Amino acid sequence: MSFFNNFQSDKCPGQINGNPLNGLCEKVCVQAKKVFDACMQQTQLNDIVLNITNLTPSNPTYPLTFVSAKSTTSQGTISNLLIDPLTERPNCARVRADVIIPVSVAYTDANGVEGVATSSITVTKDVILNIPSASIMPYMVEAVVSMVSTQGTYTDLNQFVIDACVSIIMKIVMEVELLIPSYGYAVIPPCQEYTQEVCAGFFELPMYPQ
């Protein structure tokens, strides 16, 4: 039996005595990424070494002066992942991983020419998260990241040492198919064109002073 037929409409919360309520209770199968658990940590990291590459423009005049650095994506790269279930806490596990954050670095060279370069920082996470029970579909560990820095010192050829503010959200996720009630398709309104009214404000003035 398919999911389309395996649906009891009389159990839908959007119905009263089997009658649809405000158009609710169309059954829809949605493919989504379900988040089973997540946690966030925000911290200040000091003395982070940034080895920069892909300098633009190339061949700057040294030494360089640090301006700022920030993450270039919200998705961190997970490496060296270890998941150890905790026997004393059912459905929980110790999750250890290195989270790699891509970084864009802004600087000026000795001639005052502005430049940008790429780098990355690695943050080690060791947290406890709830994990789903055994199933055919595997779960995944993801990291949402954000990093910003305005303090740094040039120390060596193409290297800065910085202090940074870092936010990392660790997630246990799985691609699933959910059967949910729906109001139907969304109605997309037409866009409102932006126009700059040259006389706006002038035509609203009174004819004579108040």
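Residues numbered from 1 in each chain as written. Predicted model: local features only at pLDDT ≥ 70, side-chain atom pairs only at ≥ 80, totals over all residues. Heavy atoms only, no water.

This part is about unusual backbone geometry. Here the amide bond leading from T56 into P57 is cis, since omega sits at 0°, within 30 degrees of zero. Along the chain, P57 turns up in the loop between β4 (53-56) and β5 (65-71). Residue P63 is reached from Y62 by a cis peptide bond, and omega for that bond is 5°. The backbone of D47 sits at a positive phi, close to 60°, despite the residue not being glycine. (Helix = DSSP H or I, 4+ residues; strand = E, 2+ residues; numbered from the N terminus.)

Time to look at the nonpolar core. Ranked by size, the top nonpolar core spans 31 residues in total, and within it L50, I101, I121, F160 and I168 carry the most contacts. At the level of elements, β3 (26-51), β5, β7 (92-108), β8 (114-130), β9 (140-156) and β10 (159-182) are the ones that each hand at least two residues to this core. With near-sequence residues (within four places) excluded, I101 lies in contact with S71, S119, S120, I121, V123, V145, M147, V166 and I168. (Core = buried A, V, L, I, M, F, W, Y, C linked by side-chain atoms within 4.5 Å. Buried < 20%, exposed > 50% of the residue type's maximum accessible area, 1.4 Å probe, protein only. Contact = heavy atoms within 4.5 Å.)

To continue, consider the pattern of salt bridges. One pass over the full model with this rule turns up 3 salt bridges. Between R96 and D84 there is a salt bridge; the shortest N-O distance is 2.3 Å. Here the residue R96 occupies a position in strand β7, and D84 occupies one in strand β6 (residues 77-85), the gap between them amounting to 12 residues. Judged by relative accessible area, which is 32%, D84 ranks as partly exposed. One salt bridge in this structure joins D126 and R94, with 2.7 Å as the shortest N-O distance. One end of the pair, D126, is in strand β8; the other, R94, is in strand β7, and 32 residues separate them in sequence. Since its relative accessible area comes to 43%, D126 is described here as partly exposed. Classification of R94 by relative accessible area gives partly exposed; the value is 32%. (Salt bridge = Lys/Arg side-chain N within 4 Å of Asp/Glu carboxyl O.)

Its location among the elements puts S71 in strand β5. Those residues in contact with S71 that lie beyond four places of it in its chain are I101, P102, V103, V145, S146 and M147.

Taken by themselves, the reported measurements are silent on function.
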